[in-house]
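Spelled out from the first residue to the last, the chains are:
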Amino acid sequence: MKAIVVTDQAAGTAGMKLVERPEPQPSINDVVVQVCASGFVNTELGWPSTWADRLGRDRTPSIPGHELAGVVTALGYGTTGLSIGQRVFGLTDWYRDGTLAEYAAVEARNLAPLPGDVDFTVGASLPISGLTAWQGLFEHGRLQAGQSVLAHGAAGAVGTMVTQLAREAGAYVIGTGRATDRQKALDFGAQEFVDLGNDALEDVGGVDLVFDVIGGDIQKRSASLVRAGGTLVSVVGPTEARPADGLAVDFVVESDRAQLGEIVRRVRDGRLRTNIGDVASLDDAVAALNPTERISGQTIIRVRP
Ligand SMILES: NC(=O)c1ccc[n+]([C@@H]2O[C@H](COP(=O)([O-])OP(=O)(O)OC[C@H]3O[C@@H](n4cnc5c(N)ncnc54)[C@H](OP(=O)(O)O)[C@@H]3O)[C@@H](O)[C@H]2O)c1
């Protein structure tokens, strides 16, 4: 099969190559999915799991990409809940070969059915951004109606999902980002916008939940904005700052079939919009994932036309 591989961590996305690889075989409880569309998060190439297995052994050449939408083509021993020919989408194991390929082996429990009226390109854009926003807001952040959320990077992949889900849950959302992202953040539902390059973050006042996708100094300054009993939720590694009278939580997104179902239901009924900036074929993926100019929105690789 055709697949994108990486072998050299120092080379970053420029080191991606389109090569021929053996088709994956399904292990116990796996399915093999014929990948129709694939999502890739730029920071993946910095994660240890891209380069080494759970015992720390080199696993290169590895196939990056951990979001997919496609069709089940084979079932492993003991696999239940999915059937051959079924449309699915979901998140694949960080430590296994991923989705920038024509086929991927995935544990069935990591996938959810993709309704027939949801395009594969849309399906592949949802798992990481949608589940991260859902888990950060509702599981780790325990968001309640009437609370306020500071959504950093509000025009980004995670941020646009955070904004939309928080608004639907009855929260007041203050988005942040670059000056050029103001209108996009407002279009996705942010009620206010802080241009981190020019506005004073501290003018926001107190908030109940900070959803951090940036880290560093922005995170430290945001921690002091969290009201008593509130939470700083971070998805960029262990938190460096803690609210004076609140929680600091960092987490890595996990697959969850029920939550994937909630997310795709909202896409179908118009409550959630995707944030796709570019769509490219697998043949053009290396160039698309090494853009020469800033792309606003996710890049999705359409593996099968
Ligand atoms: N732990 C987890 O489970 C998990 C899950 C998903 C994502 N993540 C992480 O979360 C981060 C965001 O992911 P994403 O997919 O949402 O990325 P994204 O689509 O690039 O969105 C991030 C947004 O924040 C903006 N931004 C970043 N730094 C900024 C700064 N200093 N000032 C103003 N704006 C800034 C970006 O603008 P520019 O494009 O101009 O920089 C972009 O609009 C990544 O580091 C990713 O690895 C973690």
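The text that follows walks through the structure, step by step, so that each part is easy to find. (Residues numbered from 1 in each chain as written. Predicted model: local features only at pLDDT ≥ 70, side-chain atom pairs only at ≥ 80, totals over all residues. Heavy atoms only, no water.)

A word on the layout of surface pockets
A probe matching the size of a water molecule, rolled over the atoms, marks out where space remains unfilled.
At step 1: Of the voids in this model, the largest pocket is the one considered here, and its volume is about 1,500 Å³.
At step 2: The wall of the largest pocket is formed by 39 residues, among which Val41, Asn42, Thr43, Ala157 and Val158 lie closest to the centre.
At step 3: Counting only elements with at least two residues in the lining of the largest pocket, the list comes to helix H2 (127-140), helix H3 (157-168) and strand E15 (298-302).
At step 4: Looking at side-chain class alone, the lining of the largest pocket contains 21 nonpolar, 13 polar and 5 charged residues. (1 Å grid on protein atoms, 1.4 Å probe; cavity = no way out; pocket = protein on both sides within 12 Å on 5 of 7 lines; lining within 4 Å. Points joined across faces, edges and corners; volume = space filled by probe spheres on them. Helix = DSSP H or I, 4+ residues; strand = E, 2+ residues; numbered from the N terminus. Nonpolar A, V, L, I, M, F, W, Y, C, P; charged D, E, K, R; others polar.)

Digging into the nonpolar core
At step 1: Counting residues in each nonpolar core, the largest one holds 44 residues, and the members touching the most others are Phe89, Leu126, Leu137, Val149 and Val162.
At step 2: Here Leu137 is in contact with Arg142, Leu143, Val149, Val162, Leu165, Ala166, Leu209 and Phe211, once residues within four sequence places are set aside.
At step 3: By size, the runner-up hydrophobic cluster in this structure holds 33 residues, among which are Val6, Val31, Tyr103 and Ala105. (Core = buried A, V, L, I, M, F, W, Y, C linked by side-chain atoms within 4.5 Å. Buried < 20%, exposed > 50% of the residue type's maximum accessible area, 1.4 Å probe, protein only. Contact = heavy atoms within 4.5 Å.)

Focus on the site of the ligand
At step 1: Taken together, 19 residues form the shell around the ligand, and within it Thr43, Ala157, Arg178, Val253 and Arg294 come nearest.
At step 2: At 2.9 Å from a nitrogen atom of the ligand is found a main-chain nitrogen or oxygen belonging to Phe251.
At step 3: At a separation of 2.7 Å, an oxygen atom of the ligand approaches a polar backbone atom of Val253.
At step 4: Protein burial of the ligand: of its 910 Å² of free accessible surface, 73% is covered by the chains. (Near = heavy atom within 4 Å. Polar contact = N/O pair within 3.5 Å; in protein donor to acceptor, adjacent residues only side chain to side chain. Areas by Shrake-Rupley, 256 points an atom, 1.4 Å probe, with all protein chains shown as cover.)

What about the environment of Leu18?
At step 1: Relative to the elements of secondary structure, Leu18 occurs in strand E2 (residues 17-20).
At step 2: The exposure class assigned to Leu18 is partly exposed, which follows from its relative accessible area of 34%.
At step 3: In the structure, Leu18 is positioned 74 residues away from Thr92 in sequence and 20 Å away in space, judged by C-alpha atoms.

Some words on the side chain of Asp30
At step 1: Along the polypeptide, Asp30 turns up in strand E3 (residues 30-39).
At step 2: Residue Asp30 is classed as buried on the basis of its relative accessible area of 1%.
At step 3: In terms of polar contacts, Asp30 uses its side chain to reach the backbone amide nitrogen of Glu107, at 3.4 Å.
At step 4: Asp30 has contacts with Gln25, Ala74, Leu75, Gly76, Thr79, Arg96, Ala105, Val106, Glu107 and Ala108, leaving out every residue within four places of it along the chain.

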